[in-house]
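Structural characterization, general
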Amino acid sequence: MFTGIITGVGRIAALHDLGSSLNHGKRLTLEAPPGYLDDVGLGDSIALNGACMTVTSLDLPAHRFTIDISAESLARTTGLAQIGQRLNLEKALRAHDRLGGHIVSGHVDGVGTVTRFARVGESWELRVMAPLQLSKYLAYKGSITVNGVSLTVNEVADNATGCEFSINLIPHTVQNTALGTLAEGSAVNLEIDTVARYVERMLGGAPLTRKESA
């Protein structure tokens, strides 16, 4: 479980194929800020651009760790397979931590596309086109996670292909996350508000998953 409050910005330092076919995933070596991994152990969860991953090895002197990502996860996320890519990092929530953002599971629900990223006064306006299946979960002043960052929706506009939503980013967010590297056309990982997911289920809506559990 996470909160969407980014605690560091890392970088993909190396990629290694876990097999020769498209059904195989990759092993990522990630470089974290100095000291970031001091309280991290093997098997701990760290969200990378909003996708929850498991630490499989640690190199504390080099400030590096590895994760194994499956082909399925690669197909359903973006930005996790390019050397040099900067990533938002968040360690898993502890029971005594403050819930500064909103409840985030680290499970990406879809990939959106940035339609505008421009300065407006002292802040920045970020507009993202979300896939059609996520439209009903987006609401004015509701919560959305973009590349792992907990954000508040300021405006929504539905159309035939999806939902464009607008977010205001304060300078602190742009400077202390990897969102500052976005541009028009960038792909971003999206996770809807967990509460919205349960509300839809209780009201009898179709789940996001492709099949029901037994």
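Report follows, based on the coordinates. Predicted model, so just to flag it, every value in this text is computed and none were measured. (Residues numbered from 1 in each chain as written. Predicted model: local features only at pLDDT ≥ 70, side-chain atom pairs only at ≥ 80, totals over all residues. Heavy atoms only, no water.)

Glancing now at the side chain of Asn 147. Along the polypeptide, Asn 147 turns up in the loop between β9 (143-146) and β10 (149-158). Overall, the relative accessible area of 6% leaves Asn 147 in the buried class. Look past the residues within four positions of Asn 147 in its chain and what remains in contact with it is Asn 49, Gly 50, Asn 88, Leu 179, Leu 182, Val 188 and Asn 189. (Helix = DSSP H or I, 4+ residues; strand = E, 2+ residues; numbered from the N terminus. Buried < 20%, exposed > 50% of the residue type's maximum accessible area, 1.4 Å probe, protein only. Contact = heavy atoms within 4.5 Å.)

Another aspect to go through is the packing of aromatic side chains. Applying the stated criterion across every chain, the model contains 1 aromatic pair. On the numbers, 5.1 Å between centres and 25° between planes, the contact of Phe 117 with Trp 124 is stacked. Judged by relative accessible area, which is 17%, Phe 117 ranks as buried. By relative accessible area, Trp 124 is classed as partly exposed at 22%. Here Lys 91 stacks its cationic end above the ring of Tyr 36, 4.3 Å away from the centre of that ring. (Phe/Tyr/Trp six-rings, centres within 6.5 Å; stacked < 30°, edge-to-face > 60°. Lys NZ or Arg CZ within 6 Å of the ring centre and 35° of its normal.)

For the rest of this paragraph, the subject is the sheet that holds β9. Paired through backbone hydrogen bonds, the strands of a sheet run either parallel or antiparallel to each other. Sheet architecture is closed into a barrel: 6 strands sit in the order β7-β8-β11-β10-β9-β12, paired in antiparallel fashion. Within this sheet the neighbouring strands show an average axis-to-axis angle of 45°, counted without direction. Summarising the sheet, strand β8 (residues 123-131) and strand β11 (residues 162-169) pair through 8 bridges and their orientation is antiparallel. Residue Arg 127 lies in a different strand from β11, and its bridge partner there is Ser 166. (Pairing = 2+ DSSP bridges. Axes fitted to C-alpha atoms, helices over the stretch in contact; angles between N-to-C directions.)

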